[in-house]
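Coordinates in review
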Amino acid sequence: MEYLVFLLKIIISSVLVNNIVLSQFLGICPFLGVSNKVNTAAGMSGAVCFVMALATLVTYLLQYYVLIPLGIEFMQTLVFILVIAALVQMVEIILKKTVPSLYQALGIFLPLITTNCCVLGVAIMVVTKEFTFGTVTKMLNLGESVLFAVSSALGFALAMIIFSGIREQMEINGVPKPFKGIPIALITAGILAMAFMGFSGLV
């Protein structure tokens, strides 16, 4: 029971309390650049969720079975960047050959993930950040790491979809000329981040 509570804490913390975009400010480029429409935000979110889970799985195994045994942990960031870029390209090629419909659905969002820093940020966090389980502070195991990655991706998706919905509504209602575009987007993102601060202390 205590372990299930711990897993629930990981999910709630990743999605709401420590939202990857609004609390940790990772993935701001796609958050501002691909959030004009809800459907594009949803497409990007789906692609991020898929790649983030896969990248975390691979980088976790590399960290504990290659980098640490060889004593080359200092190469972590470089190796993780290369792995994420290679994974995105590989997934793109495989999807294009085997599941064309999914490839078409993800469209341009898959290549964009290569430059999405929240994927790298989560991959590094799962191998460096310590989590509290009961009275013990510990590193996440492989299953918990993937759960953390998926939860973080869901947090990214939640922020993106809410933000894109607000931006669509603002386009309908009209915005004063000096605030159009990025200025009103940044103001809205700031207000949304303050709203998410209300979840602080939840877990």
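Here, the structure is the one placed above.
Structural notes, computed from the coordinates. (Residues numbered from 1 in each chain as written. Predicted model: local features only at pLDDT ≥ 70, side-chain atom pairs only at ≥ 80, totals over all residues. Heavy atoms only, no water.)

Some thoughts on the side chain of serine 151
Of note, serine 151 is situated in helix α8 (residues 142–173). A polar side-chain atom of serine 151 sits 2.8 Å from the main-chain carbonyl oxygen of leucine 147. Ignoring sequence-local partners within four residues, the contact set of serine 151 consists of Ile10, Ile11, Ser14 and Val15. (Helix = DSSP H or I, 4+ residues; strand = E, 2+ residues; numbered from the N terminus. Polar contact = N/O pair within 3.5 Å; in protein donor to acceptor, adjacent residues only side chain to side chain. Contact = heavy atoms within 4.5 Å.)

Description of the nonpolar core
Residues Phe31 and Ile113 are the most contacted members of the largest nonpolar core, which totals 54 residues. When contributions to this core are tallied by element, the ones reaching two or more residues are α1 (2–17), α2 (28–33), α3 (38–70), α4 (76–98), α6 (109–112), α7 (117–128), α8 and α9 (182–196). Each residue touching phenylalanine 31, except ones within four places of it in the same chain, is listed here: Val21, Leu22, Ala159, Met160, Phe163, Ala189 and Leu192. (Core = buried A, V, L, I, M, F, W, Y, C linked by side-chain atoms within 4.5 Å. Buried < 20%, exposed > 50% of the residue type's maximum accessible area, 1.4 Å probe, protein only.)

Structural notes on α4
For α4, with 23 residues, the first-to-last C-alpha span of 32 Å sits near the 33 Å given by 1.5 Å per residue. Of the residues making up α4, those classed as buried are Gln76, Val79, Phe80, Val83, Ile84, Leu87, Val88, Val91, Glu92 and Leu95. (Expected span 1.5 Å × (residues − 1).)

Some thoughts on the packing of α3 against α7
Taken N-terminus to C-terminus, the directions of α3 and α7 make an angle of 40°; their axes are 9 Å apart at the nearest point. Between α3 and α7, the interaxial angle falls into the category oblique. You can see that α3 and α7 cross each other, and the crossing is right-handed. Within the contact between the two elements, α3 uses Val48, Val51, Met52, Ala55, Thr56, Thr59, Tyr60, Gln63 and Tyr64 and α7 uses Cys118, Val119, Val122, Ala123, Val126 and Val127. (Axes fitted to C-alpha atoms, helices over the stretch in contact; angles between N-to-C directions. Parallel < 35°, antiparallel > 145°, perpendicular 65-115°, else oblique. Left-handed = near helix turned anticlockwise from the far one by under 90°.)

Some details on the packing of aromatic side chains
For the coordinates displayed, the defined rule picks out five aromatic pairs. Aromatic side chains tyrosine 3 and phenylalanine 6 sit 6.2 Å apart centroid to centroid with 35° between the ring planes, which places their arrangement in the tilted category. Taken together, the residues tyrosine 3 and phenylalanine 6, both in helix α1 and three residues apart, mark about one turn of the helix. Look at phenylalanine 6 and you get buried, because its relative accessible area is 4%. Between phenylalanine 131 and phenylalanine 148, the ring centres sit 5.4 Å apart and the planes meet at 70°, which makes this aromatic pair edge-to-face. Here the residue phenylalanine 131 occupies a position in strand β1 (residues 131–133), and phenylalanine 148 occupies one in helix α8, the gap between them amounting to 17 residues. (Phe/Tyr/Trp six-rings, centres within 6.5 Å; stacked < 30°, edge-to-face > 60°.)

Considerations on the state of the cysteines
When the sulfur atoms of two cysteines share a covalent bond, that bond is a disulfide. Inspection of the entire model under this criterion finds zero disulfides. Not engaged in a disulfide, the cysteine cysteine 118 finds its nearest cysteine sulfur in cysteine 117; these two sulfurs lie 6.4 Å apart. (Disulfide = S-S within 2.5 Å.)

Section: the pattern of salt bridges
Scanning the model with the defined rule gives one salt bridge in all. When the shortest N-O distance is used, the salt bridge between glutamate 144 and lysine 138 registers 2.7 Å. Glutamate 144 gets classed as buried once you look at its relative accessible area, which sits at 2%. (Salt bridge = Lys/Arg side-chain N within 4 Å of Asp/Glu carboxyl O.)

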